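For reference, the chains in residue letters:
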Amino acid sequence: MLVIGCGNRDRSDDGAGVMVAERVRELGVQAEISSGESLALIEAWSQADDVVLVDAVVTGAPVGKVWLWDGGQVTTQGSISISTHGYGVAEAIKLARILDRLPKRLRLFGIEGRLFDFGSEISAEVIAAVKEVVEQITVEAVCDSARI
Amino acid sequence: MTGRGAKTIRVDTLARVEGEGSLYIKLVGDRVADVKLKIYEPPRMFEAFLRGRHFSEAPDITARICGICPVAYQMSAVHAIERALGVRIDPAIRLLRRLFYCGEWIESHTLHVYMLHAPDFLGYPDAIAMAADHRAVVERALRLKKIGNRIVQLLGGREIHPISATVGGFYRTPTKQQLSELVSDLEWALEASIETVRWTASLEFPNFEQDYEFVALRHPDEYPLNEGRLVSNRGLDIDAAEYEDHFVELHVKHSNALHSVVRGRSSYLVGPLARFNLNFEKLPEVAHTVALEVGLRPPVKNLFRSIVVRAVELVFACAEALRIIHEYAPPAEPRAEAPHRTGVGQAITEAPRGILYHRYALDEKGLIVTAKIVPPTSQNLKQIEEDLREYAARLVAWPTEEATWKCEQAVRSYDPCISCATHSLKVVVER
């Protein structure tokens, strides 16, 4: 399993995906950090069969809600993209689908955010959601390695 | 509608540019009454929070100004500080810095040519729609950009906001073997770049030429990246230390980004067209040859053709990267020591979008007393508005929706990086 944490630690709650990647890496799970820019994402997952993306999202749900989507379900609605030139996670998935470059299994954890201003202050609800996602990913990684 | 014969072109959020801003054009009859490129992204105060920081922090802090061109910020910062401190660098470090910059040019130009600009010419709303019909083209872009990323990652420690560049050199320099591993990919990239020139040259361009003052670095021996004198086609020929004697930044009410002008004259153009027109003879033979093959020779005055010029610069960047890798012998030390002393240093380097000026004044403890940063997009902003004033006048008879799209396309020709310039884009055409 490859975890890719997307976002920007300097844009408040947008750092949620990055925090998850940093934490699971400390716990021994293969993880990368990405700005979320489409081409970089497609490149990042090119060598992996099972990819878990983690990104902050805005859907209107309560702050801190954790979403888990199958990559095939993701559309531009319901995701926020504070990324290079407006090409973000949803665009990466759409483009990769056209180019047959989607990993065999792609899932997206979305963490509902509220603050996206410049700064490092992260909502308490988002911090709690980060812990929840870290736990889910590490439990699955441990189960995966036990199967191997 | 705002009255008889009046209409407005409005784009509230301009797509496929970096950052947030809007474009407002008011047409009254066949006359353009007003053009405002409104930059509403808030000012970021980088110059203020550099004050009191140690000079060694400047490359890492300023790299955060931009996710697309962090290498440019690092390079202008280290060169300016080295001038302030009288630091001399190893020739091998100079080569590595050029290679580092080539990596960023490959990344940035590939992104702009293929993903941001090409859809405008081919009639697609975005690169995703384009990919469905031009799969091989987008595949080529992905591979090209990856090669640029590899160079930046190898020299900078990571792809985004690299961390290895420092005053005097790098925290760690690569081995000859590490660089040699890039050769086969770069040889492919060189051929792919040549194909990119031919492909972009086959696009159809609006007939729109302007009499620009082109401003770029010029170096006696090489196509400019890290150093050279600042020159223009109207007689400017100065050292970076004289920059503020010749250029001034003006505040305009509708923009959080300053507008830069040449003192005593007005707007000017920086970026690929300026570099190409002022340094054509310095391009490596392979880039020179393919430019002539597609009929591209200076002066190129049509901004829409900048996509072809960017492609020629991709050829340059790949050829130059290969040359450097062949010549490279690791330096004895990864960096020169930088003393603590008072001083002022200025530097200009060529970011993918044009010249980037930095000035630092340092105290005896090595702390930054003042910092000034003039990014390429703020140097182009006044010129963008002037171009739109001319261009919109030709679109008066067009339906508002098409005129709006054409104006957006014109703005994207500049590859504006609005986050750097605030320092972001929405478009409004009013009739």
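Residues numbered from 1 in each chain as written. Chains lettered and ligands numbered in written order. Predicted model: local features only at pLDDT ≥ 70, side-chain atom pairs only at ≥ 80, totals over all residues.

**Here we look at the overall build of chain A**
Applied cut-off: In this description a helix means any DSSP run of H or I spanning at least four residues, a strand means any run of E spanning at least two, and both kinds are numbered starting from the N terminus. Put plainly, a residue is buried at 20 or more neighbouring C-beta atoms within 10 Å of its own, exposed at 12 or fewer, and partly exposed in between, counting only other residues' C-beta atoms, which are placed from the backbone. A pair of residues counts as a contact when their C-beta atoms, built from backbone coordinates, are separated by no more than 7 Å.
Tallying secondary structure elements over chain A gives 4 helices and 5 strands in all. Traced from its N-terminal end to its C-terminal end, chain A shows the element sequence β-α-β-α-β-β-α-β-α. Of all 148 residues assigned to chain A, the portion counted as buried reaches 50%. Of the contacts made within chain A by residues no fewer than 6 positions apart, 76% connect residues no fewer than 24 positions apart.

**Section: the sheet that holds strand E11 (residues 343–351) of chain B**
Residues and elements named next belong to chain B. Heads up, the condition is: Whether two strands pair comes down to DSSP finding at least two bridges between them. To get an axis, a line is fitted to the C-alpha atoms, and for a helix only the part in contact is used. The angle between two axes follows their N-to-C directions and goes from 0 to 180 degrees.
Read from one edge to the other, the open sheet built from 3 strands follows the order E11-E12-E13, with strand pairing classed as antiparallel. At either end of the open sheet lies a strand with only one pairing partner, and these are E11 and strand E13 (368–374). Neighbour to neighbour, the strand axes of the sheet diverge by 10° on average, direction disregarded. Across 9 bridges, E11 lies against strand E12 (residues 354–362) in antiparallel orientation. When the bridges of E12 are listed, Gly-345 appears paired with Tyr-360. Where helix H3 (residues 70–85) meets the sheet, its contacts fall on E11 and E12, and the angle it forms with E11 comes to roughly 150°. Where helix H13 (residues 376–393) meets the sheet, it contacts E11, E12 and E13, and its direction lies at approximately 125° from that of E12.

**Remarks on the packing of helix H4 (residues 91–122) of chain B against helix H6 (residues 135–156) of chain B**
Residues and elements named next belong to chain B. Rule in force here: We call two directions roughly parallel when the angle between them is under 35 degrees, roughly antiparallel when it is over 145, roughly perpendicular when it lies between 65 and 115, and oblique otherwise. Helix crossings are classified by the rotation of the near helix relative to the far one: an anticlockwise turn of less than a right angle makes the crossing left-handed, while a clockwise turn makes it right-handed.
Interaxial distance between H4 and H6 falls to 8 Å at its minimum, and their mutual angle equals 155°. Judged on the interaxial angle alone, H6 and H4 are roughly antiparallel. The chirality of how H4 crosses H6 is left-handed. Within the contact between the two elements, H4 uses Leu-96, Leu-99, Phe-100, Cys-102, Gly-103, Glu-104, Ile-106, Glu-107, Thr-110, Leu-111, Tyr-114 and Met-115 and H6 uses Val-137, Val-138, Ala-141, Leu-144, Lys-145, Ile-147, Gly-148, Asn-149, Ile-151, Val-152, Leu-155 and Gly-156.

**Section: the pairing of strand E2 (residues 22–28) of chain B**
All names here are of chain B. Burial within E2 is extensive, with 6 of its 7 residues counted as buried. In terms of strand pairing, E2 meets strand E3 (residues 31–38) through 4 bridges, oriented antiparallel. Bridging from a neighbouring strand, Ser-22 pairs with Lys-38 of E3. In this antiparallel pair of consecutive strands, E2 and E3, the connection spans 2 residues, and Gly-29 shows a positive phi of 60°.

**Things to note about the pairing of E12(B)**
Residue and element names in this part refer to chain B. Most of E12 is tucked away: 8 of the 9 residues are buried. Following E11, the chain reverses through 2 residues before pairing antiparallel with E12. Pairing of E12 with E13 involves 6 bridges; the strand directions are antiparallel. The residue bridging Ala-361 from the neighbouring strand is Thr-370, located in E13.

**Description of the sheet that holds strand E2 (residues 31–34) of chain A**
Hydrogen bonds between backbone groups are what pair the strands of a sheet, and the pairing can be parallel or antiparallel. All names here are of chain A. Taken together, 5 strands build an open sheet; the order of strands is E2-E1-E3-E5-E4 and the sheet is mixed. This sheet does not close on itself; its edge strands, each paired only once, are E2 and strand E4 (66–70). The sheet shows a mean angle of 20° between the axes of neighbouring strands, direction not considered. Bridge count for E4 against strand E5 (residues 105–112) is 5 bridges, and the pairing is antiparallel. Bridged to Trp-69 within E5 is Leu-108. Sheet strands touched by helix H1 (residues 16–26): strand E1 (2–6), E2, strand E3 (50–57) and E5. Its angle to E1, the strand with the most contacts, is close to 145°.

**Structural notes on the confidence of the model for chain A**
To be explicit about the condition: You can read pLDDT as the predictor saying how much it trusts each residue, on a scale of 0 to 100.
The predicted model of chain A averages 85 in pLDDT, with 89% of residues at 70 or higher. For chain A, the element scoring lowest by mean pLDDT is helix H2 (residues 38–44) of chain A, at 86; H1(A) scores highest, at 95.

**Quick look at the nonpolar core**
All names here are of chain B. Heads up, the condition is: Core membership is restricted to buried Ala, Val, Leu, Ile, Met, Phe, Trp, Tyr and Cys residues, and these are joined into a nonpolar core through C-beta atoms within 7 Å.
Of all hydrophobic cores here, the largest spans 149 residues; its most connected members are Ile-81, Ile-106, Ile-151, Val-312, Val-315, Cys-318 and Ala-321. With 15 residues, helix H12 (residues 306–327) is the largest single contributor of residues to this core. The residues touching Ala-321, leaving out its near neighbours within four places in the chain, are Leu-99, Cys-102, Ile-151 and Leu-186. Ala-257, Ile-384, Leu-388 and Leu-395 belong to the second-largest nonpolar core, a separate cluster that totals 21 residues.

**Observations regarding the environment of B:Ala319**
Note on placement: B:Ala319 falls in helix H12. Setting aside residues up to four positions removed in sequence, B:Ala319 forms contacts with B:Leu190, B:Pro284, B:Val286 and B:Ala287.

**Focus: the confidence of the model for chain B**
Residue and element names in this part refer to chain B. Mean pLDDT for chain B: 89, with 92% of residues reaching 70 or above. Note on residues 419–429: pLDDT under 50 across the span, and 80 contacts to partners over four residues away in sequence or across chains. For this predicted complex, the interface confidence reaches an ipTM of 0.75, while the overall pTM sits at 0.88.

**Overview of the packing of helix H10 (residues 272–279) of chain B against H12(B)**
All names here are of chain B. For clarity, the cut-off: Here the nonpolar group is Ala, Val, Leu, Ile, Met, Phe, Trp, Tyr, Cys and Pro; Asp, Glu, Lys and Arg are the charged ones; every other residue, Gly included, is treated as polar.
Interaxial distance between H10 and H12 falls to 9 Å at its minimum, and their mutual angle equals 65°. Relative to H12, H10 is oriented so that their crossing is left-handed. Residue-level contacts link Pro-272, Leu-273 and Phe-276 of H10 to Ser-306, Val-309, Arg-310, Val-312 and Glu-313 of H12. For the contact of H10 with H12, the per-class residue count stands at 5 nonpolar, 1 polar and 2 charged.

**Overview of unusual backbone geometry**
With omega at 0°, the peptide bond leading from B:Pro298 into B:Pro299 counts as cis. Within the secondary structure, B:Pro299 is located in the loop between helix H11 (285–293) and H12. For A:Asp100, which is not glycine, the phi dihedral falls at a positive 55°. Its 7 C-beta neighbours within 10 Å are what place A:Asp100 among the exposed residues.

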